[in-house]
Amino acid sequence: MAKAEHKKFVKRRSVHEVAAAVKTKRAGTKKIKVEHDASKVKHEETTQVKAESEDDDEEEEEEHLDDDDDDSASDISEDESGSTDPFHRHFSHPHQQTLKKLIGRVQAKGWVSEKIKPVVDGEPAKYSINFMTLGGAKMLDEINVADATLESLNTKGRLVEPFKAANKGFVQEKNKTFSPVQEAVASRILANEDVLFAPRTISSGQQLQNLYTLHMLNHIFKTRDTVLKNNAKLAKRADADDSLELRDQGFTRPKALVILPTREACYKLVSTILKLTAPSQPENFRRFQQEYHSDATIPDTKPEDFRRLFSGNNDDNFRIGIKFTRKTVKMYSEFYNSDIIIASPLGLRLAIGDKTDKKRDFDFLSSIEILILDQTAAIAMQNWEHILHIFAHLNLIPQDSHGCDFSRIRNWYLDGEAKYLRQTLIFSEFITPEINALFTHHMNNVGGKAKYLPVYNGVLGDIGTPMNHTFMKFYSSSPQEDPDKRFKYFTTKALPSLMRQSSASSAGTIIFVPSYVDFVRLRNYFEQEHQIGRKLGSSGFEFSAVNEYTSTSDLTRARALFKDGKHKVLLYTERLHHFRRYVIRGAESVFMYSLPDNPTFYVEISRFLLRSVSDGIAEQDAIVVRSLFSKWDAFKLERIVGSAKFAKMCAGAGEIFEFS
Amino acid sequence: MAIKEIKSKSKKVKKSEGGKVKRVKEEKKVVKEEEEDVSEEEEEEEKEEEEEEEEETAGEKSEEATSEKEIESFEELGVIEPICEACKAMKFKKPTPIQIHSIPVALEGRDVIGLAQTGSGKTAAFAIPILQALWQKPSPLFACVLAPTRELAYQISEQFESLGQVIGLRCAVIVGGMDMMSQSVALGKKPHVIVATPGRLMDHLEHTKGFSLRGLKYLVMDEADRLLDMDFGPIIDKLLQLIPTERRTLLFSATMTSKVEKLQRASLASPVRVAVSTKYETVKTLLQSYLFFPFKHKDTYLVYLVNEMAGQSMIIFARTCNDTERLAILLRSLGFPAIPLHGQMTQSSRLGALNKFKSGARSILVATDVAARGLDIPLVDCVLNYDIPTDSKAYIHRVGRTARAGRAGKSLSLVTQYDLELYLRIEGVLGKKLDEYPIDKEAVMLLSERVGEAQREAINEMKQLHAKQRKRKTDGITHGKKRKHNDDMDREER
C-alpha cells in the first residue's frame with residue numbers, strides 16, 4: 001500500500017513541479033527581497049516585443065561593413081584547414097572523416113575515461129579530473145595555457161587588453177595570463193571541450209566567469225566576423241559564380257546560451273561582458289539596470305553564500321537577448337537577432353513552452369554552440385525539470401527557416417549533428433546525481449569532456465564543537481527502490497527509538513527531509529499516526545511540517561511551537577533551508593532522513609543543536625545528529641564525511657557509523 | 001483515316017522488333033513541317049488526338065532505321081565501369097531498346113525526346129547518362145528530374161539512389177505534402193540530383209534562401225507530355241526561367257505529344273527523338289479485354305471479377321477520389337483486402353497505401369489516375385478500369401501498370417452504356433478491337449443482393465467519413481488555408 005501511495009505522491013509532485021511549485025517558490029524568494037515589482041515579468045514581455053520592432057535597419061548596413069579594425073593578426077586566411085585555432089578546427093572547418101568517426105563513437109558511447117590527480121606546486125591539488133575522450137583521432141591537439149599569451153591563444157585582438165585589465169586582480173604572477181584556477185580549466189575551455197567544474201567556490205566564481213566570458217565572446221566575434229567577411233566576398237562576386245562554398249553559420253543567430261539562477265547573476269555577467277567589450281554606449285542599458293539590478297542587501301546574520309545568491313534582484317524568471325554590433329552592445333534584442341541568450345531555467349522554459357501550448361518556439365536554441373550553466377548548485381535548488389526541458393530542445397533542426405541562407409549553413413548543422421559539437425560548460429559548487437546525469441547523457445561533445453571534482457575534507461570539523469554524528473546505512477539495490485527502502489527502514493527501525501527518546505526529553509527533534517516527495521510521504525504517515533493516537537485516547541502525536549511552500553505566518557507559528565516544546569517533531573525540507581536559512585531553536589536532536597546536497601547545510605543544521613545548548617534547552621552530551629544513507633547517497637556523503645572515509649562507509653558491511 | 005495510319009505503323013514496329021528500332025532525327029526541317037499545324041492546335045481535345053497522329057506520320061517520313069546490330073551489354077553503349085556494375089547489381093541483364101537508343105545520344109550531350117512503352121526502363125535510360133556525366137565532373141545541384149506525381153518522384157529517386165550508390169550520389173526528393181523545412185535542409189546539403197514535382201520545387205526556388213538552380217546541367221521531364229500540358233504549363237514556364245538555358249534537356253514518356261507549342265515550352269536545342277514505340281502502343285504481353293453490361297450492375301460485376309481473381313494483385317482505376325474511397329470500403333466490407341489511393345489523401349497516407357500494396361499486405365489498390373503514370377510496382381497481375389478514362393493516353397498509362405518489363409498481365413475495362421463512346425475512341429487509338437471477357441451473367445446476378453447490402457454500408461460509412469472531414473476542416477481553418485495553397489502549387493492528376 002505504501003508503494004502505491006508513494007507513486008501517487010510522485011505523480012502529484014510532478015504536476016506540482018511544473019506549475020505551482022515554481023510559482024510559489026518564486027514567491028518564496030521574492031519575499032526575501034526588500035522590494036520587488038510583481039508586474040515586472042509582464043512588463044518585460046511587453047517591452048521585449050517592442051524591442052523587436054525597434055530592431056533597426058542599422059543591422060543591414062552593418063552586415064556589409066568590411067572588417068576594418070585591428071584584428072587582422074588573428075584573422076584567418078581563406079584556407080583555414082591548416083589553422084591551429086580551435087574555433088576553426090572544431091566549429092568552422094572540422095575534419096570531415098574525423099568528425100564522422102568521433103560522432104559514431106559518441107553514439108556508441110565509446111568514451112574512454114582517465115582519472116588524474118593533478119599536482120600543483122608540488123602538492124596534490126584540491127580536485128581530481130576525470131577526462132573522457134573518444135580515443136584515436138582528436139579534433140585538435142592539446143593547448144598549453146601555462147605560459148601562453150592571449151594572442152597566441154587565438155584571441156580576438158579587441159578582447160586582449162580589456163581582459164587583462166579585468167583579470168588583473170586575480171593573476172598572481174607577473175608574466176601569467178591566468179590565475180591558477182583559470183589555468184586549471186582554460187586548456188579545456190579554450191579547446192572547445194566540455195567541462196563540468198564542481199569545485200566552484202565563492203572566491204573562484206568571478207575568475208571562472210572572466211574566463212568563460214572571454215571564451216564566449218571570442219567565439220561570437222569570430223563567428224560574426226567570418227559571416228561579415230563572407231557577406232562582403234559574396235557581394236563582390238555578385239551572382240556570377242555559384243561555386244563558392246561559404247558555410248559559416250547555423251540555422252539561427254544565437255550562438256551562446258548562459259543559464260543563471262537569478263537576475264542579479266545575469267546583471268553581473270553582463271557587467272563582465274561589458275568590461276571585456278568596452279562598448280561606447282550599450283543600448284538599453286539603463287532599462288537593463290533597472291530591471292535586473294537592485295541594491296537590496298541581506299543582513300550579515302545570514303551565511304555569505306546565501307547573501308551572494310539572494311542579495312540584489314533575486315527574481316528567477318528572466319530571459320534576455322544580447323546582440324553585438326560593430327561598435328556597441330544591445331540588450332533586449334529579439335532572440336533571433338541576438339548573439340547571446342542569458343536566461344533562468346524558468347524564464348527559458350516559459351519561452352519554449354510545453355507540448356500542449358499552441359504557440360511554441362524553440363528554434364532559437366537550434367544553433368547554440370556554447371552552453372554555460374553557472375552557479376548550477378543554486379539552479380539545482382530551482383526546478384531541475386526545466387533544465388532537462390531546455391536540454392531536450394537544444395540543437396534541433398528548426399521548424400521554420402527564419403530566413404536563413406541554406407547555402408551557408410554548416411554541413412554538420414544540416415546533418416543534425418550540432419549537438420555533437422556544442423560545447424557545454426557547467427560550473428557548480430558541488431555535484432548532484434542530476435548534474436552528473438547531464439554530464440553523462442547530454443554532454444556529447446566530440447572534443448571530449450572533463451569532470452573536475454573537488455577533494456573533500458569533510459565538514460564535520462567545521463561545526464566548531466564536537467558532537468555525536470551517527471550515520472545509519474540501509475540497503476537498496478537501485479535508485480528507484482531507494483525511497484521505499486528508506487521509508488521502511490525509517491518507520492520500522494529508526495522512528496521507534498527516536499520517539500522513545502524524544503518523549504523522555506523536553507526538547508524536540510528536527511527531521512530533515514531533502515526531497516519534497518519524501519516530505520509528503522512522511523507528513524502523511526505522521527498525520528496517520530496522530531489520528532490513531534487520538535483514537536486510542538492519548539493526546540496523539542503532535543508535529544509540525546514546514547517546507548518551501550509554507551506561508552511565512554505558518555512558518556513563524558511552527559517555529560514558535562517547536563521552540564516552546566509544544567510540538568516535539570518538526571519536518572523540515574532542504575529547499576526551505578536553501579531559501580530561508582533559518583536558525584531553528586528548541587531542538588535536541590536532528591534526524592536527517594536523507595543527507596543534504598549542500599554540505600554547508602549539514603553544518604548549519606548541526607549548529608541548531610549548539611544553539612539549543614547555549615539556550616539551555618539541551619545538554620551538550622545529549623545532542624546528536626543522526627543520518628540515514630544508502631550507497632546512492634555517495635556524493636552527498638563524500639562532501640560531509642570527506643573523500644577519505646566515504647568509500648569505506650558505502651562499501652563496508654557496517655550499518656552504523658559514529659563520529660564524535 | 002487516322003486509324004489506318006496507325007495500323008501501318010504498328011506493322012512497322014513489329015518488323016523492327018528485336019533490336020531493330022527506329023531512330024528518328026528530328027532536325028529543324030521536321031519542326032518546320034510541324035509548325036504548319038500550329039494554327040489548328042487550339043481545337044478541341046478530341047480532335048487533338050487525331051491531329052497528333054498526323055504530325056506523327058509527318059515525322060515518320062523522315063525516319064531512317066539505324067543500328068541493326070544486337071547490343072547485349074551496357075558497356076557497348078559507352079557506359080563506364082562503375083555504373084555497369086550498379087546495373088548488374090540491380091539485375092539489369094541487358095539494356096532495353098529505349099536504353100540502347102537513348103543512352104548513346106544522351107552521352108553525346110544531345111537533347112533527347114524518348115518515347116517507349118510502359119515498363120521498358122525509361123528511368124534508367126535517363127538516369128545512366130546523368131550519372132555518367134556526374135562521374136566525369138561531379139558538381140552539386142547537377143540534375144533536376146521533374147515528375148507529375150509525388151509517388152513517381154519517390155520511385156525515380158529510389159532508382160537514382162541505387163544506381164548512383166557506387167559513385168556516392170546524393171539525391172533529394174522535393175514534393176508537395178511533405179515538410180518544407182526538412183526539404184530545405186536537404187537542399188542546403190546541395191544534392192547532386194533533385195527529383196521534384198514542379199509546384200513544390202517552385203515554392204523552394206521562391207522561398208528557400210540560398211537555393212537556386214543556376215548551376216543546373218541536366219533537366220529531365222519524366223511523363224513529359226503530362227508535365228507540358230495545360231495543368232502544369234504555367235509553373236513549368238516559370239521554372240524554366242530560373243534554370244540556365246545552357247543545359248541538356250531530356251523528355252521521356254510512353255505517350256508523347258509532338259505539338260510544337262508544347263515542346264517549345266521545354267525549349268529543347270535540336271533534340272534527337274528516340275521512339276521505340278508509336279505513341280499509343282501497349283505491350284504485347286498484355287492481354288486486354290472488356291466487359292459490356294448495364295450501368296446499374298457495375299458494382300456487382302466489379303465484385304464478381306474481384307472475386308474471380310481473388311488472391312491476385314490488381315489495381316482498380318476509378319475516376320474520382322470519392323469513388324476510390326467508396327469502392328475500397330465496399331470491397332473491404334466484402335472481405336477483400338482493398339486500399340484506396342488518391343490525391344486528397346495526405347502524402348504520408350498516400351505513401352503508406354502504396355507501400356502496403358507493394359509489400360503485398362493489401363492485394364487490391366483502388367486508385368485514381370494519380371497512380372496511372374510511371375509507378376513501377378512489380379507483380380501487378382491485373383488492371384481493372386472501373387471507369388473508362390476520358391483521355392485515351394491515360395488508358396495506355398493505366399494498363400501499363402501491369403505486364404511490365406516483359407512479364408505478362410491483363411487488363412479489363414468495365415464498359416456500360418454511357419461509356420461506349422469513350423471506349424470506342426480508345427479502341428480506335430489502339431487500332432484494334434479487344435476481346436470480350438467471357439462471363440457467366442447469372443452467376444454475377446447471384447451476387448447482386450449481397451453487393452447491394454455492402455453498397456448501403458459503404459454509403460453510410462462514407463457519410464460518417466465526410467462529416468468527420470468537415471469537422472476537421474472547420475477546426476483547422478488556418479491550417480487548411482495553408483495546405484490549400486501548397487496543393488495549388490502542386491497540381492497533379494487526381
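Note that the coordinates shown come from a computational prediction; the quantities given were computed from them, not determined experimentally.

Criteria and thresholds
- Residues numbered from 1 in each chain as written.
- Chains lettered and ligands numbered in written order.
- Predicted model: local features only at pLDDT ≥ 70, side-chain atom pairs only at ≥ 80, totals over all residues.
- Heavy atoms only, no water.
- Axes fitted to C-alpha atoms, helices over the stretch in contact; angles between N-to-C directions.
- Helix = DSSP H or I, 4+ residues; strand = E, 2+ residues; numbered from the N terminus.
- Parallel < 35°, antiparallel > 145°, perpendicular 65-115°, else oblique.
- Contact = heavy atoms within 4.5 Å.
- Nonpolar A, V, L, I, M, F, W, Y, C, P; charged D, E, K, R; others polar.
- Pairing = 2+ DSSP bridges.
- Buried area = accessible area lost by both parts, 1.4 Å probe.
- Salt bridge = Lys/Arg side-chain N within 4 Å of Asp/Glu carboxyl O.
- Polar contact = N/O pair within 3.5 Å; in protein donor to acceptor, adjacent residues only side chain to side chain.
- UniProt positions renumbered as here; feature names shortened; annotations may be inferred.
- Buried < 20%, exposed > 50% of the residue type's maximum accessible area, 1.4 Å probe, protein only.

### Digging into the packing of helix H14 (residues 384-392) of chain A against helix H16 (residues 433-442) of chain A
All names here are of chain A. Relative orientation of the contacting elements H14 and H16 amounts to 10°, with a least axis distance of 11 Å. Classified by the angle their axes make, H14 and H16 are roughly parallel. Mapping the contact onto sequence places Trp384, Ile387, Leu388 and Phe391 in H14 and Glu434, Ile435, Leu438 and His442 in H16. For the contact of H14 with H16, a count of residues per class yields six nonpolar, one polar and one charged.

### Concerning the sheet that holds strand E19 (residues 656-659) of chain A
Residue and element names in this part refer to chain A. Spatially, seven strands are ordered E15-E16-E14-E17-E18-E13-E19 in an open sheet, and the strand pairing comes out mixed. Edge positions in the sheet fall to strand E15 (543-546) and E19, since each has one partner strand and no second. The average undirected angle you get between the axes of adjacent strands in this sheet is 15°. Two elements, strand E13 (residues 468-473) and strand E18 (residues 624-629), share six bridges in a ladder whose sense is parallel. For Thr470, the partnering residue across the bridge sits in E18 and is Arg626. The strands touched by helix H17 (residues 482-504) within the sheet are E13, strand E14 (508-513), strand E16 (569-573), strand E17 (587-592) and E18, with E18 carrying the most contacts at an inclination of about 165°.

### Description of the interface of chain A and chain B
Chain A puts 17 residues into the contact, and the matching count from chain B is twelve residues. The junction of chain A with chain B conceals about 1200 Å² of combined surface from both sides, 56% of it contributed by carbon and sulfur atoms. There are one salt bridge connecting chain A and chain B. We note a salt bridge from Asp415 of chain A to Lys189 of chain B, for which the minimum N-O separation is 3.3 Å. Counting every contact that joins chain A to chain B gives four residue pairs in polar contact (both at pLDDT 80 or more).

### Let's talk about the UniProt feature "short sequence motif: Q motif" (unreviewed entry) in chain B
Following the UniProt record, the feature "short sequence motif: Q motif" (unreviewed entry) maps to residues 72-100 of chain B here. Across residues 72-100 of chain B, the secondary structure splits into 45% helix and 0% strand, with the terminal C-alpha atoms separated by 9 Å.

### Section: the environment of Glu385 of chain A
Relative to the assigned elements, Glu385 of chain A resides in helix H14. As a C-alpha pair, Glu385 of chain A and Arg349 of chain A span 36 residues in sequence and 9.4 Å in three-dimensional space.

### A closer look at the sheet that holds strand E4 (residues 127-133) of chain A
Two orientations exist for strands paired in a sheet by backbone hydrogen bonds: parallel and antiparallel. Residues and elements named next belong to chain A. Across the sheet, which stays open at both edges, the ten strands sit in the order E1-E4-E12-E5-E11-E10-E6-E9-E7-E8 with mixed pairing between neighbours. Each edge of the open sheet carries a strand with a single partner, namely strand E1 (112-116) and strand E8 (329-331). If you compare each strand with its neighbour and ignore which way they point, the axes differ by 15° on average. Bridge count for strand E5 (residues 194-197) against strand E12 (residues 449-454) is four bridges, and the pairing is parallel. Residue Asp194 lies in a different strand from E12, and its bridge partner there is Lys449. Packed on one face of the sheet, helix H9 (residues 263-277) meets strand E6 (256-259), strand E7 (319-324), E8 and strand E9 (340-343) and runs near 155° to E9.

### Observations concerning helix H12 (residues 345-352) of chain A
Residues and elements named next belong to chain A. Within H12, six of the eight residues are buried, which leaves it mostly tucked inside the rest of the structure. Within the span of H12, buried status applies to Pro345, Leu346, Gly347, Leu348, Arg349 and Ile352. One or two residues past the end of H12 sits Gly353, with phi positive at roughly 85°.

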